[in-house]
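So the chains spell out like this:
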Amino acid sequence: MSITLNWAILGAGNISSQFVFDLLLNNDRKTQYRHVIKSIGCSSSVKGQEFIKNNNITAERNYNVTPVVQSYKELYANSEVDVVYIGTPHNFHCEQAVSCLENNKHVLCEKPFAVNRKEAEIIFNAAKKHNKFCMEAVWTRFFPAIKELKEKVYHEKVIGDVYRLFADFSYSGDVKNLPLTSRVRDRSLAAGSLLDIGIYPITYSRILLDDQVGQSASKFEQKSFLSIDKDDLVDHLGSIIIKYENGKHALLTSSELVDGPKAYVRLEGSNGWVEMYSDNPARAKHFKIFNKHGNEIYEYKDNSGYNGFIYEANAVANDIHGGKLEDAVMPHDETLLVMGVMDDIRKENGLVYEQD
Ligand SMILES: NC(=O)c1ccc[n+]([C@@H]2O[C@H](COP(=O)([O-])OP(=O)(O)OC[C@H]3O[C@@H](n4cnc5c(N)ncnc54)[C@H](OP(=O)(O)O)[C@@H]3O)[C@@H](O)[C@H]2O)c1
């Protein structure tokens, strides 16, 4: 049975390109999911047309549809669109997501879902009021590698009892030479490594140290340090320690100043450990399992050719097709939990945004 979903892409930038790549590759492969791109919402029609050209969004690859380039307002009013993918900086998410929901559109919104938990609640309340599906685009949770890893570690118990996780998302971004208006430095765009990339190590601790999500989550507490840059007043270096009530620890780091370790995740148990590798720690595509003697006993690699956004896009298609208003893997209360954790970390370190 095929499922058709009509998308609008709001914001013709970096991440929207990567998302669209996967939808089109999926269409090329004629899978059961028909992801049709109906509209590109963009601040400039020239830029929107360039986005279509640069990303090779042709009618042949898009079920005979050439997308229209629209202003955001026109996109909200487009009755041919089922769901909007929001790929703009975090500070815009709340207003844009609510506008989509009020105009009868489902929403898949990039991470972080909003600047703080308060804004996330506003969006979910609008979704409930208008009876629309809404999800934070935490694509990492949807990779087949994650399912396979959890099967190995928690059902087959290949590394014994799990005690500790190291997870990092760091890259050397030459931050000091970026203009203060850059998305990486501009506090009015809610810049800072915690919201931009620190959310991923937190996500790995949620995925790999707890089988539950949201309100059912196991209890944990956290302590953190963020170094706040004296010029742009946001964090580019952060460290968080989480302790679950069952005693497991997560040591989580993120930075835009230095490159991180090749094994960006290391999950340790009584009988061995797991290492995950990637050019982008959000992309869970490759892991190895070692026994306690250091011998490699298992390797998993995702060679699908997708960036990895297709997995969440297909989940959204299934949910919407099934009449669901939230996704079971990334439900509203898991977004609220993680937004609340990041609120607390910012509070602990004096990092305030105007939305607070
Ligand atoms: N899932 C992931 O792994 C991942 C990776 C990177 C980013 N993200 C998330 O995706 C979102 C966008 O990140 P990005 O790297 O794609 O950003 P980006 O390329 O800098 O910007 C995306 C779009 O947002 C709009 N925009 C950017 N700066 C703006 C400004 N100052 N004022 C008004 N509009 C502005 C523009 O829309 P127009 O095209 O309409 O002009 C731009 O094309 C962020 O929330 C980020 O956290 C997720």
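Numbers given for residues are sequential positions, taken from 1 along each chain in its written order. In keeping with the model being predicted, local features are shown solely for residues with a pLDDT of at least 70 and side-chain atom pairs are shown and tallied solely at 80 or more, while totals for entire chains, interfaces and linings include all residues. Hydrogen atoms and water are omitted, and side-chain values are computed over all heavy atoms in the structure.

Asks: Where do I start with the site of the ligand in this structure?
Replies: Nearness is defined per residue: one heavy atom within 4 Å of the molecule or strand is enough. In the vicinity of the ligand lie 24 residues, with A12, N14, S43, K47 and Y72 positioned nearest. Between the ligand and the protein, one listed contact pairs an oxygen atom with a backbone N or O atom of K111 at 2.8 Å. Only the protein chains shown count as cover for residues, and the accessible areas themselves come from Shrake-Rupley with a 1.4 Å probe. Taken by itself the ligand offers 890 Å² of open surface, and the protein chains cover 78% of this. Only DSSP runs of H or I reaching four residues or more are called helices, and only runs of E reaching two or more are called strands; each is numbered from the N terminus. When residues of the shell around the ligand are traced back to their parent elements, those giving at least two are α1 (14-28), α4 (90-102) and α7 (193-209). It is α4 that contributes the most residues to the shell around the ligand, three residues altogether. Boundaries between domains were set according to an automatic or database domain assignment. Both domain 1 (3-138 + 309-324) and domain 2 (144-304) contribute no fewer than three residues apiece to the shell around the ligand. By the criterion applied in these results, polar contacts are pairs of N or O atoms within 3.5 Å in which, for protein atoms, one can donate a hydrogen and the other can accept it, and in which residues neighboring in sequence qualify only through two side-chain atoms.

Asks: Please clarify how the pattern of salt bridges should be interpreted in this entry.
Replies: Two side chains that carry opposite charge are able to pair once their charged atoms sit near each other. Only one rule defines a salt bridge in this text: a Lys or Arg side-chain nitrogen within 4 Å of an Asp or Glu carboxyl oxygen. Tallied over the entire structure, the rule returns 21 salt bridges. Linking K152 and E156 is a salt bridge whose minimum nitrogen-to-oxygen distance equals 3.0 Å. The rule is simple: take the accessible area with a 1.4 Å probe, protein chains only, and divide by the maximum for that residue type; under 20% is buried, over 50% is exposed, in between is partly exposed. Under the relative-accessibility criterion, K152 is labelled buried at 12%. Across the pair K230 and D231 runs a salt bridge, and its minimum N-O distance is 3.7 Å. Shared partners join several salt bridges into a network, and the residues in it are R141, R206, D210 and E334.

Asks: Hey, could you run me through the packing of aromatic side chains in this one?
Replies: Note on aromatic pairs: each is described by the distance of the centres and the angle between the planes. Ring pairs are drawn from Phe, Tyr and Trp, using the six-membered ring of Trp, whenever the two centres fall within 6.5 Å, and their geometry is named by plane angle: stacked under 30 degrees, edge-to-face over 60, tilted for the rest. On inspection of all chains with the given rule, the structure shows 14 aromatic pairs. Relative to Y264, the ring of Y204 lies with its centre 5.6 Å away and its plane at 65°, an arrangement referred to as edge-to-face. Pair noted here: Y204 is in helix α7 and Y264 is in strand β11 (residues 263-269), with a separation of 60 residues, a long-range link. With respect to burial, Y204 and Y264 carry one shared label: buried. Members of the aromatic cluster, joined through ring pairs, are W7, F19, Y85, W139, F143, Y306, F309 and Y311. Stacked on the ring of W273, the Lys or Arg R266 has its end atom at 4.6 Å from the ring centre. Geometrically, a lysine NZ or arginine CZ counts as sitting over a ring once it is within 6 Å of the ring centre and also within 35 degrees of the ring normal.

Asks: Please clarify how the sheet that holds strand β6 (residues 134-137) should be interpreted in this entry.
Replies: Two modes of strand pairing occur in sheets, parallel and antiparallel, and in both the strands are linked by backbone hydrogen bonds. Here we have six strands laid out as an open sheet, ordered β3-β2-β1-β4-β5-β6, and parallel in their pairing. Edge positions in the sheet fall to β3 (68-70) and β6, since each of these pairs with one other strand and no more. The average undirected angle you get between the axes of adjacent strands in this sheet is 30°. Here, strands pair whenever DSSP counts at least two bridges between them. Judged from the four bridges that link them, strand β1 (residues 3-10) and strand β4 (residues 83-86) form a sheet pairing that is parallel. Looking at the pairing, L10 lines up with I86 of β4. Sheet contacts for helix α2 (residues 45-54): β1, β2 (33-41) and β3; angle to β3, the most-contacted strand, approximately 145°. Fitted lines through C-alpha atoms give the axes, limited to the stretch in contact for helices. The angle between two N-to-C directions lies from 0 to 180 degrees. By definition, residues are in contact when any of their heavy atoms lie within 4.5 Å.

Asks: Just to check I follow, could you spell out the sheet that holds strand β8 (residues 220-228) for this structure?
Replies: If you trace the eight strands from one edge of the open sheet to the other, you get β8-β9-β10-β7-β11-β12-β13-β14, paired in mixed fashion. Each end of this open sheet is capped by a strand with a single partner; those strands are β8 and β14 (296-301). When the angles between neighbouring strand axes are averaged without regard to direction, this sheet yields 10°. The pairing of β11 with strand β12 (residues 272-277) spans six bridges and is antiparallel. Within β12, the position partnered with L267 by the bridge is V274. Where helix α6 (residues 144-155) meets the sheet, its contacts fall on β7 (162-170), β11, β12, β13 (286-291) and β14, and the angle it forms with β14 comes to roughly 155°.

Asks: Can you help me understand the layout of surface pockets in this one?
Replies: Over the atoms, a rolled probe matching the size of one water molecule traces out where space is still vacant. For the largest pocket, the calculated volume is near 580 Å³. Space inside and on the surface of the protein is sampled on a 1 Å grid over the protein atoms alone, with a cavity defined as a set of points where a 1.4 Å probe fits but cannot get out and a pocket as an open set with protein on both sides within 12 Å along at least 5 of 7 lines; lining residues have an atom within 4 Å of a point. Lining the largest pocket are 25 residues; nearest its centre among them are N14, I15, K111, R183 and D196. Elements represented by at least two residues in the lining of the largest pocket include exactly α1, α4, β7 and α7. Taken together, the residues of the lining of the largest pocket break down into eleven nonpolar, nine polar and five charged. Of the residues that make up the lining of the largest pocket, three or more belong to each of domain 1 (3-138 + 309-324) and domain 2 (144-304). Grid points are joined across faces, edges and corners, and a volume is the space filled by probe spheres set on the points. Reported here for the second largest pocket is a volume of approximately 400 Å³. In terms of lining, the second largest pocket is formed by 17 residues, of which the most central are R141, I146, K147, K150 and V329. Listed by contribution, the elements that provide at least two residues to the lining of the second largest pocket are α6 and α8 (309-321). With six residues, α6 is the largest single contributor of residues to the lining of the second largest pocket. Residue polarity is assigned by list, with Asp, Glu, Lys and Arg as charged and Ala, Val, Leu, Ile, Met, Phe, Trp, Tyr, Cys and Pro as nonpolar; anything else, Gly included, falls into the polar class.

Asks: I tried to follow the environment of V36 on my own but got confused; where do I start?
Replies: In this structure, V36 sits in strand β2. Judged by relative accessible area, which is 4%, V36 ranks as buried. As a C-alpha pair, V36 and I159 span 123 residues in sequence and 43 Å in three-dimensional space. The residues contacting V36, other than those within four sequence positions of it, are T4, L5, N6, W7, N62, Y63 and V65.

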